[in-house]
Amino acid sequence: MSPLAAILAVGLGSFALRYALVAFGDRALPPVLDRMSGLVAPAAFSAMAFAGLLHLRDVHDPAPVGDQTLVTGGVVTLVVARRRSAPAALAAGLIAAAAVDLASGGRSPV
Amino acid sequence: MTRVADRFIVVGMNTSTVPDEIRGTARPAADGVRAMLPWLVGVVPLGITIGVATAEAGVHPVTGLVGGLVMFAGSAHLAVLDGIANGAAGAAIVTALAINIRLLAYGAAMRPFWSTLRQGRRLLFAALLIDPTFANGLEGYERHGPGGGHHHYLAGGIVLMGAWLASIGIGLAAGSLLPDLAALGLFMPLFLLAEVGGQVDDRPRAVAALVGATVGGLAIGLPLQVGIVAGIAVGAAAGAIVNDRESS
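Treat the numbers as computed from the prediction; the structure is a model and nothing was measured.

Colleague: Describe the overall build of chain A, naming the residues involved and giving the relevant values.
Modeller: The helix and strand inventory of chain A stands at five helices and zero strands. Reading chain A from its N end, one meets helices and strands in the order α-α-α-α-α. For chain A, the residues scored as buried account for 47% of the 110 residues in total. Of the contacts made within chain A by residues no fewer than 6 positions apart, 26% connect residues no fewer than 24 positions apart. Total accessible area on chain A is roughly 5,300 Å²; 69% of this is exposed by carbon and sulfur atoms.

Below, the structure written as structure tokens:
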């Protein structure tokens, strides 16, 4: 299979996934899906964020102790819970990552 | 774009005389662009990485850019390039689509906002649907309502697509001359985590976020990013159960 054919196949399939439920328009979805759809965003972002942080830990810091990425994630979670501000949480996370990096002598990924 | 509307106010003109088309479009579109900019700090390095991987896989640059346009999804794109480089394109297609299955859930969530759009616009909006535009769109509909929300979403989506293709192009052109951008990998999960803060404003959403994070984290070892899909499904279901209990 040529690279272009593979890329187009994934592009077409991805578009089908994007559009499949949008195509329903204002027709009713199954009630279960309808109730869940409004909760997709918090579930998806938190799942991807934690999976991403854990993945970075695996790649950059496989040791079970001194887990700098999770410390950073904890700081962001705290700021999110208290301030409800994405920019503030992000700034705190990046500062925490840099601080932990300094404290660990530059062994962490940031 | 906001300056067009603002100028009427500066010169003392009654804003009610500003055509709805200008007033209703410029501010949400500018907001959509502004809200998308922080995402680019995480997205651009990923695009550059994909450009470099495209060159290394021996894929023609035009094909690489077409891939960026039609797939518009970083992890799936990397999976396809990996498959092409290893002579396993068929398996890579399955992998990439499994990674992208979360887009089905995003479509379900955006459907109520897009149900009144014309078919052509619905197709365009769906083509731009990916994690940053999903978050940006939800924020836009919450802030501006359906009309302004469309402009917010579309403007942010166009900026993201432009930056995405440009960064892939940079990776293709500059390749190994570029520094290692792996350290910026931390930015995207942190930003997603910060975005959760804007989403969690009641118990069902808090439960959805907590359960989604737990399942997504516990199942990280599973292939094809199944853990993330499971986190979305189980998290949203848990939130729905809490919502049902609170309503009854």
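Alright, that's what it looks like, and here's the rest.
Colleague: With reference to specific residues and values, describe the interface of chain A and chain B.
Modeller: Each partner contributes residues to the interface: chain A has 63 residues there, and chain B has 73 residues. Taken together, both faces of the contact between chain A and chain B bury some 5,900 Å²; the carbon and sulfur share is 79%. Across the pair A:Asp34 and B:Arg111 runs a salt bridge, and its minimum N-O distance is 3.2 Å. Connecting chain A to chain B are ten residue pairs in polar contact (both at pLDDT 80 or more). Those elements that provide at least two residues to the side of chain A that touches chain B are helix H1 (3-19), helix H2 (31-37), helix H3 (40-60), helix H4 (68-83) and helix H5 (86-103) of chain A. If you tally residues by element for the side of chain A that touches chain B, the top one is H3(A), at 18 residues.

Colleague: Kindly report on unusual backbone geometry, identifying the contributing residues and their values.
Modeller: The bulk of non-glycine residues show a negative phi, and the bulk of peptide bonds are trans. Residue and element names in this part refer to chain B. Phi at Phe-72 is positive, roughly 50 degrees, even though this residue is not glycine. Assignment of secondary structure puts Phe-72 in the loop between helix H3 (61-71) and helix H4 (74-85). Judged by relative accessible area, Phe-72 falls into the buried class, the value being 2%.

Colleague: Break down the pattern of salt bridges for me, with residues and values.
Modeller: Residue and element names in this part refer to chain B. Scanning the entire structure with this criterion turns up seven salt bridges over all chains. Across the pair Arg-34 and Asp-31 runs a salt bridge, and its minimum N-O distance is 2.5 Å. Placement of the pair is Arg-34 and Asp-31 together in helix H2 (residues 20-56), with a separation of three residues, close to one helical turn. According to the relative accessible area criterion, Asp-31 is buried, its value standing at 7%. Between Arg-143 and Glu-139 there is a salt bridge, with the nearest N and O atoms lying 2.6 Å from each other. A residue pair is termed a helical-turn pair when its members lie 3 or 4 positions apart in one helix, as Arg-143 and Glu-139 do in helix H8 (residues 131-174) at four residues.

Colleague: Lay out the side chain of B:Thr54 in plain terms, naming residues and giving numbers.
Modeller: Here B:Thr54 shows up in helix H2. Excluding its chain neighbours within four sequence positions, the residues that come into contact with B:Thr54 are B:Val59, B:Gly64, B:His77, B:Leu81 and B:Leu172.

Colleague: Before we move on, could you go through the environment of A:Arg18 and cite the residues and values that matter?
Modeller: With respect to the element layout, A:Arg18 can be found in helix H1. A relative accessible area of 1% places A:Arg18 in the buried class. Beyond its immediate sequence surroundings of up to four residues, A:Arg18 is in contact with B:Val70, B:Met71, B:Phe72, B:Ala73, B:Leu103, B:Gly107, B:Ala126, B:Ala127, B:Leu129 and B:Ile130. Within polar-contact distance, the side chain of A:Arg18 engages the backbone oxygen of B:Met71 at 3.1 Å.

Colleague: I'd like a rundown of helix H6 (residues 102-114) of chain B, residues and numbers included.
Modeller: All names here are of chain B. For H6, with 13 residues, the first-to-last C-alpha span of 18 Å sits near the 18 Å given by 1.5 Å per residue. Along H6, the sharpest change in direction is near 30 degrees and occurs at Ala-108; proline Pro-112 comes one to four residues later. Extensive coverage of H6 is indicated by the burial of ten of its 13 residues. Within H6 the residues assigned to the buried category are Arg-102, Leu-103, Ala-105, Tyr-106, Gly-107, Ala-108, Ala-109, Met-110, Arg-111 and Trp-114.

Colleague: How would you explain the environment of B:Gly68 if you had to name every residue and give the values?
Modeller: Residue and element names in this part refer to chain B. Along the chain, Gly-68 falls in helix H3. Remark: the alpha-carbon pair of Gly-68 and Ile-84, spanning 16 residues in sequence, is separated by 15 Å. Apart from the residues lying within four places of it in its own chain, the contact partners of Gly-68 are His-77, Met-161, Trp-164, Leu-165 and Ile-168.

Colleague: How would you explain H3(B) if you had to name every residue and give the values?
Modeller: Residues and elements named next belong to chain B. For H3, the complete set of buried residues consists of Thr-63, Gly-64, Gly-67, Gly-68 and Met-71. On an axial view of H3, the arc spanned by its buried residues comes to 145 degrees, and they lie on one face. Phi turns positive, to about 50 degrees, at Phe-72, one or two residues after H3.

Colleague: Which residues make up the packing of aromatic side chains, and what are the values?
Modeller: For the structure shown, the criterion picks out seven aromatic pairs over all chains. With a centroid separation of 4.2 Å and 15 degrees between ring planes, the pair formed by B:Tyr106 and B:Phe134 is classed as stacked. With a gap of 28 residues between them, B:Tyr106 in helix H6 and B:Phe134 in helix H8 connect regions that are remote in the sequence. Overall, the relative accessible area of 0% leaves B:Tyr106 in the buried class. The exposure class assigned to B:Phe134 is buried, which follows from its relative accessible area of 0%. Centre to centre, the rings of B:Phe113 and B:Tyr141 are 4.5 Å apart; their planes meet at 5 degrees, and the pair counts as stacked. With B:Phe113 in helix H6 and B:Tyr141 in helix H8, this pair connects stretches of sequence that are 28 residues apart. Pairwise contacts between aromatic rings join A:Phe45, B:Tyr106 and B:Phe134 into one cluster.

Criteria and thresholds
Residues numbered from 1 in each chain as written. Chains lettered and ligands numbered in written order. Predicted model: local features only at pLDDT ≥ 70, side-chain atom pairs only at ≥ 80, totals over all residues. Heavy atoms only, no water. Helix = DSSP H or I, 4+ residues; strand = E, 2+ residues; numbered from the N terminus. Buried < 20%, exposed > 50% of the residue type's maximum accessible area, 1.4 Å probe, protein only. Contact = heavy atoms within 4.5 Å. Areas by Shrake-Rupley, 256 points an atom, 1.4 Å probe, with all protein chains shown as cover. Buried area = accessible area lost by both parts, 1.4 Å probe. Salt bridge = Lys/Arg side-chain N within 4 Å of Asp/Glu carboxyl O. Polar contact = N/O pair within 3.5 Å; in protein donor to acceptor, adjacent residues only side chain to side chain. Expected span 1.5 Å × (residues − 1). Bend = angle between axes of the 7 residues up to and from the residue. Arc of directions from axis to C-beta. Phe/Tyr/Trp six-rings, centres within 6.5 Å; stacked < 30°, edge-to-face > 60°.

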